[in-house]
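Structural overview
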Amino acid sequence: MKRTMIGAAALVAAALVGCSGASQEAAKSSVTLTGAGATFPYPIYSKWFDMYRESTGVQINYQSIGSGGGIQQLKAGTVDFGASDAPLDDAKLAEMPHPVMHIATVAGAVVLAYNLPDLQQPLQLTPAAVVGIFRGAIKKWNDPAIRAANPGVTLPATAVLPVHRSDGSGTSNIFTTYLSAVSPEWKSAVGANTSVAWPAGVGAKGNEGVAGQVKQAAGSIGYVELAYAKQNNLTAARLQNAAGTFVEPTLASTTAAIQASAQALAADVRAPTVNAAGPDAYPIAALTFILVYQDQADAAKGKAIADFLHWAIHEGQNDVEALQYARIPDEVVRVDDEALGRLTSGGKPLLAAR
Amino acid sequence: MRQPLAPRRRGLTVDGVYRGALAAAAGVIFLVVALIVLEIARGAMPSIRTIGWGFLAQREWDPVADHYGALPYIYGTLVSSLIALVLAVPLGLGSAVFLAELAKGRVAAIVSFVIELLAAIPSIVYGIWGFFVLAPWLRNALEPWLVAHFGYLPLFRGTPFGIGMLNAGIVLAIMIIPTIVSISREVLLAIPRSLREASLALGATRAEAIVVTLDAAKPGILGSIVLALGRALGETMAVTMVIGNTNRISASLLDPSATMASVIANEFTEATGSLYLSALIQIALVLFGVTILVNALARALVWLTTGGRRDVAGAT
């Protein structure tokens, strides 16, 4: 216990100086944390946990079992923290036994990968066209709604094959949240969730299933995570954002989208970030969260979680882009810092004021 | 030289222990099944209370509105398994007759080895094959041809996706053929030679003699089909990869569909609402019920076709 406290104190000092070398010489902590949840941020989380263990000795075990499972386990108290791509809504927050805090860790985007072999230029899509395709209203690629956004481009008269995720997924949640944000009809007829009653198209399991179907069948279009699309060199459509510009999905345009939502996020970090207003903002961007109880039963563990999260949203951000995640903008770091400052154990704050 | 063992007086006790141990082994299986049913029923309880019997008849499966109906999945499960049987029974029975009646020595050994090999392939491999090999062929060759020539039938309307009900049925058929072949062959081999010889002696042709043998082996063959059907109903991984996973009921075999097993595999991990989770468990309960029902019907069929005889090879 004493060693833990010394280790944690040394870590705070290290974090204040912003120098990872100092903590290496500090006594290693023996705290072990467990977490469970979202699969989307798993690659960066597992890298963070490795780096953090090397510098502080804090061991973090994480099961990437899906956001739903992470929430269930946090609720049951079998893990120290949960991770979810979708923030908990008020009803789900009320179901939790104690107040839960959302800490945004990284941002991601959902891109529309398509297979049109004869097309040279990147496809441009308006929100209405995206909704039309996934509602099954747009059946041919040379539909006026698609042609209008791609002047001078010859589009084939072939069938549009929309592909969606068949498994419940945070990616589907972000995408359907976007569709609901841009189309009242979609919102009332289908809505947003990790699984929805898709009105058209075929379902494939996982990013790899959607990508596989898109790669195979000419004329198909499906949504996958930006990181997955980049790693597999999928062709992604440029989407028209709220400002009217067609934006290519990149890490920078994802961060720009989060930044454009900063004001709403400062009021509530769970605020939707799709269809953000900025001119450079890619319209289907979202944050992913780590969920922790605001008041930690175990002070040592609580301190270790708070320290780790502080490290992740500051130093940890330098490593996210190598793994194709978008950094959280400074505005969101401040929101997170404020939330971390409110973490307590037995009513006492876990992090010293910084 | 050791002396022969003296007759044991404890014989009765040993028998008793032996019998007890075996009964316990059988009992454990019974207990496991009972516990599974109990646990599934318990998990499904909130959904059963909220939705009730309408669950079986409703076509809407909408996690957003928290509204759940299992009909599309029941339909998908039954139809995909039916397609599998329609394709697999003639093929499987044909190979079984060939192996038991016509093939000699090495040919028979090689063919049965290959068929048994089919049974050893993990279902994920069938799924990958269905997705990467069968689907493009269906999309580019068979399905456009079906649409062009039989498009007037509701069965073959729509866009050729490659993945969908037809693909799932074909993959399932290949997966269940080994079950039909290996059991039917054993049953046919168990039919006494005298039956064939008697048929031939009465002037039957080779084909007629085979028909007589098949008739005698009917209960066992039906049994093999039931076992195969059981596998098709519950198959999850391969079907999930190739069926297209939509909760719409469509008469067309080209359209995507979903089965009870595939929707559980797809949605269980991210089912956040408590009613949602419970509805998925209720689907498991329904799947269990459908399996029992199908098995019971098949038993009844066997019983009816044999008129209650139990003395025929393979009858259970």
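Keep in mind that this is a model prediction, so the values were computed, not measured.

**A few points about the nonpolar core**
A:Leu112, A:Leu123, A:Leu125, A:Phe134, A:Phe175, A:Phe308 and B:Trp61 are the most contacted members of the largest nonpolar core, which totals 186 residues. Of all the elements, helix α6 (residues 165-190) of chain B adds the most residues to this core, at 14 residues. Counting contributing residues per domain, this core is built from domain 1 (31-107 + 287-349) and domain 2 (109-285) of chain A, each supplying no fewer than three. If we ignore the near neighbours within four places in the chain, the residues touching A:Phe308 are A:Trp48, A:Phe49, A:Tyr52, A:Ile60 and A:Ile290.

**Thoughts on the layout of surface pockets**
Estimated volume of the largest pocket: approximately 800 Å³. Breaking the lining of the largest pocket down by element, the ones donating at least two residues are α4 (67-76), α5 (90-95), α8 (170-182) and β11 (285-293) of chain A together with α12 (274-306) of chain B. Among the residues forming the lining of the largest pocket, the class breakdown is 18 nonpolar, eleven polar and seven charged. In this structure, the lining of the largest pocket is formed jointly by two domains, domain 1 (31-107 + 287-349) and domain 2 (109-285) of chain A, each of which donates at least three residues.

**Description of unusual backbone geometry**
Residues and elements named next belong to chain B. The residue Asp 66 is not glycine, and still its phi comes out positive at about 55°. Mapped onto the secondary structure, Asp 66 falls in the loop between β1 (61-62) and β2 (67-68). Look at Asp 66 and you get partly exposed, because its relative accessible area is 39%. The residue Asn 245 is not glycine, and still its phi comes out positive at about 50°. Residue placement: Asn 245 occurs in the loop between α10 (237-242) and α11 (260-267). The class of Asn 245 is buried, set by a relative accessible area of 8%.

**As for the pairing of strand β3 (residues 81-84) of chain A**
Residue and element names in this part refer to chain A. Across the two faces of β3 the burial is the same, with Phe 81 and Ala 83 and Gly 82 and Ser 84 all buried. Pairing of β3 with β11 involves three bridges; the strand directions are antiparallel. Bridging from a neighbouring strand, Ala 83 pairs with Ile 290 of β11.

**Regarding the domain arrangement of chain A**
All names here are of chain A. Domain boundaries in chain A define domain 1 (31-107 + 287-349) and domain 2 (109-285). Of note, the centres of domain 1 and domain 2, computed from C-alpha atoms alone, are 28 Å apart. Each side of the interface is counted separately: domain 1 has 24 residues, and domain 2 has 17 residues. Buried surface at the junction of domain 1 and domain 2, summed over both partners, amounts to about 1800 Å²; 69% is from carbon and sulfur atoms. Taken together, the links from domain 1 to domain 2 amount to one salt bridge. Of the charged contacts in the structure, one is a salt bridge between Asp 90 and Arg 270, with a shortest N-O distance of 2.8 Å. Taken together, the connections running from domain 1 to domain 2 amount to four residue pairs in polar contact (both at pLDDT 80 or more). Mapped by element, the contributors of at least two residues to the side of domain 1 that touches domain 2 are α5, β4 (100-114), β11 and α15 (330-341).

**Description of the side chain of A:Thr254**
Residue and element names in this part refer to chain A. By the element assignment, Thr 254 lies in helix α12 (residues 251-260). On the basis of relative accessibility, which here comes to 0%, the residue Thr 254 falls in the buried class. For Thr 254, the residues in contact, after removing those within four places along its chain, are Ala 107, Gly 108, Ala 109, Leu 226, Tyr 282, Ala 285 and Ala 326.

**A word on the side chain of A:Ser84**
Residues and elements named next belong to chain A. Within the secondary structure, Ser 84 is located in strand β3. The class of Ser 84 is buried, set by a relative accessible area of 1%. Side-chain polar atoms of Ser 84 contact the backbone oxygen of Ala 86, separated by 2.6 Å. Sequence-distant contacts of Ser 84, that is, excluding residues within four places in its chain, are made with Ala 38, Ser 67, Ile 71, Thr 288, Phe 289 and Leu 291.

**Some points on empty space enclosed by the protein**
All chains considered together, the criterion is met by six cavities of 30 Å³ or more. When its volume is computed, the largest cavity comes out at roughly 180 Å³. If you go around the largest cavity, you meet 21 residues; those closest to its centre are A:Ser166, A:Val196, B:Asn245, B:Thr246 and B:Glu267. Looking at the lining of the largest cavity, the elements that each hand over two or more residues are β6 (161-165) of chain A together with α11 of chain B. Looking at which element gives the most residues to the lining of the largest cavity, the answer is α11(B), with four residues. Tallied by class, the residues present in the lining of the largest cavity amount to seven nonpolar, ten polar and four charged.

Calculation criteria
Residues numbered from 1 in each chain as written. Chains lettered and ligands numbered in written order. Predicted model: local features only at pLDDT ≥ 70, side-chain atom pairs only at ≥ 80, totals over all residues. Heavy atoms only, no water. Core = buried A, V, L, I, M, F, W, Y, C linked by side-chain atoms within 4.5 Å. Buried < 20%, exposed > 50% of the residue type's maximum accessible area, 1.4 Å probe, protein only. Helix = DSSP H or I, 4+ residues; strand = E, 2+ residues; numbered from the N terminus. Domains from an automatic or database assignment. Contact = heavy atoms within 4.5 Å. 1 Å grid on protein atoms, 1.4 Å probe; cavity = no way out; pocket = protein on both sides within 12 Å on 5 of 7 lines; lining within 4 Å. Points joined across faces, edges and corners; volume = space filled by probe spheres on them. Nonpolar A, V, L, I, M, F, W, Y, C, P; charged D, E, K, R; others polar. Pairing = 2+ DSSP bridges. Buried area = accessible area lost by both parts, 1.4 Å probe. Salt bridge = Lys/Arg side-chain N within 4 Å of Asp/Glu carboxyl O. Polar contact = N/O pair within 3.5 Å; in protein donor to acceptor, adjacent residues only side chain to side chain.

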